[in-house]
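Structure assessment
Next come the chains, spelled out residue by residue.
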Amino acid sequence: MASLAALPRRAPRLLRSLTRSLQTAADSTQPTETPTASRPFTVRLHDDTFHGYKTETPSLEVEVNKDMLIEMYQKMTLMRRMEMAADALYRQKLIRGFCHLATGQEAVAVGMESAMTPEDRVITSYRCHPFAVLRGGTVKGVLAELLGRQDGMSNGKGGSMHIFTPSFFGGNGIVGAQVPLGAGLALAQQYTGKNDVATFALYGDGASNQGQVFEAFNMAKLWNLPCVFICENNKYGMGTSAERSSANTAYYTRGDSIPGIQVNAMDIIAVHQSVKFAKQWTSAGKGPLLMEYVTYRYGGHSMSDPGTTYRTRDEVQKMRSTQDPIRGLQKYIEDWGLATEEELKTIDKESKAEVDRAVEESKASPEPDMNDFWTDIYYKGTEPPSMRGREREEVSFV
Amino acid sequence: MLRPSARSWTKSIPRLSARTVNSRWESTSAGPPSADGRLDLNRTNLLRTTRESSLKTPGIKWMDDAPTSTSDIGGGRETRKMNVYQAIRDAMSIILTKDDTAIVFGEDVGFGGVFRCSLGLAEEFGRERVFNTPLTEQGIVGFGIGFAAMGQTAIAEVQFADYIFPAFDQMVNEAAKFRYRSGGQFNVGALTVRTPTMAVGHGGLYHSQSPEGFFMGASGLKIVIPRSPIQAKGLLISSIRDPNPVVFMEPKVLYRSAVEQVPIDDYTIPLGQAETIIPGSDLTLLTWGTPIYHCETAIGFLNTPPEGLAKHIPESLRKARVELMDLRTILPWDVKGIEESVNRTGRLVIVHEAGRTAGVGAEIGAEIQKRCFLRLKAPVQRIAGWDVPNGLSYEKFHIPDPVRIVDGLVETLSY
């Protein structure tokens, strides 16, 4: 009897440890033929790259080519340099307030972008800087926004969490609130009859416990929306680890009737393949799909969080040194003879130079015009007659 | 103690004591405070930085037996230097010690919370009493309501007041109406929701708002906003023990910057009562939270204008005696206290960080003009945030600063 009584208590622990067993190496993909720089070739992802829930997983065979991989490398180094620059500007107290960096998670944004089209739509929450650049923005536009300057992509009104492009519906300061918005974007896509486009609605493992995420799941499935929900699982929602916040940490299984796929998102080729799969899924009219990208953030949740009170420095260091997505891609490119270490170093230097230039230009950008203080609240020309600072007695002695 | 940088500003002023804190702010020989609107608490005279002044805090009520020695002031009670987050932590520590049913929970609360208000509580009282929740505001408050409905003390934290909106339904429809809709059979009086509020200067759209006004129509709830460490501790203990659900909003820019000698014992400060911080006879200046200190600076500007402002402040107004009041409890607010003051002064200026339209000032202004109509010498003036979102770059223009406040004082005094 004693052993039977112990069973229910043990079982959940056992399950929990199994759910995160997916390997997260960034360099475990192998070519299945001799790679050449002149034409596409096929590589095979590690057997343990995808886990499926109520669906087959994407094929492990991926066709890649030199240009695509080099472009990925260029973009990932640019994103890393940009985030490092933001980090430095924050430490110099030039960026004030809230700043959330995606260092370590570059394979997510860059890998997704490599398989999406400009007609696809993306929405996310805090870690939005890479998407803003990749979806049509500029490094300068992001950094100037963080600095609160006129040249920022929201003219300095938004800051870290609020940067938008026509195909990117921005960061969102209320975690979880962007997910039903994503379902709405997908509804609009479905309504207008475009069947080869999708909306990618991203949220973190922290936000996954917000009630409205589940409300969005239900509507998306009920109405068969072309919405790909992506849980970016970087293991920590702010300072609370996934295991301590979520009863079920297999986030790809949390869509109930929505099929899910868990993806090794430290390997950019796996991310690329998963988005291709998701695009085919929604284009075939199969409705929503839930993907969990298993990734890792090197920094704290925000700049005021050193990121070491709730995890060990060793853990961060181990991820950086053994599973870095950029170093993984670098290894592929070098091992497969597509470019030399020197050529990649040149790309890295160019990225650094571009970011350095953007930093200087951003710093030179003026503060926003005071007249814009009260613009963009209502549609131009429809404002209430007495909006702010227009009445005699409200003029201050500046 | 006053910090070194404050010395030149205060060199001609007698050392701060309980008496001068309560008496009128004498600024005739002091240099000008900064006019850029930045909060500078090195210059304030409103913080009680000595044990004697601390123990004489008006309205303070000791909730435990007096120490044996009664020869000294306050019955020999001790104080310790604390900032606001330490005072909040001290209040929760007292509650957790005395009330076995009390729990503290919220996002990242287990390791101290983002503003350090629960630092070390989990280690001291156990992780079954002080714990992290998932990131789910609606869930946190709903969960707290359920816990409190069983008669147990729930101290929930919503990490920023800007995040309270996902929980708005729970607070307004569940917590506020629980007693009423059960015909008095159940209540959630044991629920207190703590949340950091107001601007820090660079919080941007979702980290600088002041949502207290949104709760004004939710009868059944109480809303409390402290201005200093002593007030924070006493008002929080009162809020937790109050038999009604309370939203306790903590001005986050004061967490570290406001420092006082805080009594270490268990004490309360009454809810529902405004406090007259500086008595006056010509104008009632009413506010709460962070702007208290901007108002103090503005009164200094009025009495002794710095060079740049002097031409805007008529000589005849410089001797005006402004009564500074801290509302402290926003709902239900101290109607009688404010009415009494305005009947004496004939003028009311209300300052708050939230937008002006339908802000708390609108309600107070409407009620006071009705009650004091024939005594008013000028229209009730509201100095508030503009009716715009809190844009990142514009925050310093958005928040009522001392210059805007003194402008309002001049206009009201010269009406």
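Residues numbered from 1 in each chain as written. Chains lettered and ligands numbered in written order. Predicted model: local features only at pLDDT ≥ 70, side-chain atom pairs only at ≥ 80, totals over all residues. Heavy atoms only, no water.

**Some details on the interface of chain A and chain B**
Where we set the bar: By the convention used here, residues are in contact when the closest approach between their heavy atoms is within 4.5 Å. Each of two parts loses accessible area, computed with a 1.4 Å probe, when they are put together; buried area is these two losses added. For this document, the term salt bridge refers to a Lys or Arg side-chain nitrogen within 4 Å of an Asp or Glu carboxyl oxygen. Residues adjacent in sequence count toward polar contacts only when both atoms are side-chain atoms; beyond that, a polar contact is any pair of N or O atoms within 3.5 Å, and within protein one must be able to donate a hydrogen and the other to accept it. Helix and strand definitions follow DSSP, with helices as H or I runs of at least four residues and strands as E runs of at least two, each counted in order from the N terminus. For this classification, the nonpolar set comprises Ala, Val, Leu, Ile, Met, Phe, Trp, Tyr, Cys and Pro, the charged set comprises Asp, Glu, Lys and Arg, and every other residue, Gly included, is treated as polar.
Contacts between chain A and chain B engage 47 residues on the former and 37 residues on the latter. When chain A packs against chain B, the two sides together hide about 3600 Å² of surface, and 64% of this comes from carbon and sulfur. Along the contact surface separating chain A from chain B lie zero salt bridges. One can count 12 residue pairs in polar contact (both at pLDDT 80 or more) joining chain A with chain B. Among the elements of the structure, helix H5 (139-146) and helix H8 (242-245) of chain A are those that each provide at least two residues to the side of chain A that touches chain B. When grouped by side-chain class, the residues that make up the side of chain A that touches chain B number 16 nonpolar, 18 polar and 13 charged.

**Section: the pattern of salt bridges**
Residue and element names in this part refer to chain A. Selection rule: Burial status follows relative accessibility: with a 1.4 Å probe on protein chains alone, a residue under 20% of its type maximum counts as buried, one over 50% as exposed, and anything between as partly exposed.
Applying the stated criterion to the full structure yields 39 salt bridges over all chains. With a shortest N-O distance of 3.1 Å, aspartate 47 and arginine 44 are connected by a salt bridge. Residue classification places arginine 44 among the partly exposed residues on the basis of a relative accessible area of 33%. With a shortest N-O distance of 3.8 Å, lysine 363 and glutamate 360 are connected by a salt bridge.

**A word on the pairing of strand S12 (residues 283-287) of chain B**
Residues and elements named next belong to chain B. Operational definition: In this scheme, strands are said to pair when DSSP sees at least two bridges between them.
Burial analysis of S12 places five of its five residues in the buried class, which makes it a mostly covered element. The two faces of S12 match: Leu283, Leu285 and Thr287 on one face and Thr284 and Leu286 on the other face are all buried. Across five bridges, the pairing between S12 and strand S13 (residues 322-326) is parallel. Following the sheet pairing, leucine 286 is matched in S13 by methionine 325.

**A word on the packing of helix H11 (residues 291-303) of chain B against helix H16 (residues 402-413) of chain B**
All names here are of chain B. Inclusion rule: Only the stretch in contact is used when fitting a helix axis, every axis being a line fitted to C-alpha atoms; angles between N-to-C directions are given from 0 to 180 degrees. In this scheme, roughly parallel covers angles under 35 degrees and roughly antiparallel covers those over 145, while 65 to 115 is roughly perpendicular and the rest are oblique. Take the far helix as the reference: if the near one is turned anticlockwise from it by less than a right angle, the crossing is left-handed, and if turned clockwise, right-handed.
Interaxial distance between H11 and H16 falls to 8 Å at its minimum, and their mutual angle equals 55°. Classed by the angle they form, the pair H11 and H16 counts as oblique. Note that H11 runs across H16; the crossing there is right-handed. Together, His294, Cys295, Thr297, Ala298, Phe301 and Leu302 of H11 and Pro402, Val403, Ile405, Val406, Leu409, Val410 and Leu413 of H16 make up the contact between the two elements.

**Quick notes on helix H7 (residues 168-175) of chain B**
Among all positions of H7(B), only Gln170(B), Met171(B), Val172(B) and Ala175(B) are buried. In the core, the buried residues of H7(B) are packed alongside helix H6 (137-149), helix H8 (178-181), strand S6 (191-197) and strand S8 (246-251) of chain B.

**As for the domain arrangement of chain B**
Residue and element names in this part refer to chain B. Our working rule: Throughout the structure description, domain borders are defined by an automatic or database domain assignment.
Domain boundaries in chain B define domain 1 (51-268) and domain 2 (273-413). For domain 1 and domain 2, the distance between their C-alpha centroids amounts to 27 Å. Listed as interface residues are 30 residues of domain 1 and, on the opposing side, 25 residues of domain 2. Together domain 1 and domain 2 conceal approximately 2200 Å² of surface at their shared face, both sides included; 60% is due to carbon and sulfur atoms. The interface formed by domain 1 and domain 2 holds two salt bridges in total. Glutamate 275 serves as the salt-bridge partner of arginine 227, at 2.9 Å between the closest nitrogen and oxygen. Between the two partners, domain 1 and domain 2, sit 17 residue pairs in polar contact (both at pLDDT 80 or more). Listing elements by their share of the side of domain 1 that touches domain 2, those giving two or more residues are strand S7 (222-224) and helix H9 (229-241). Residue classes in the side of domain 1 that touches domain 2 are distributed as 17 nonpolar, 10 polar and three charged.

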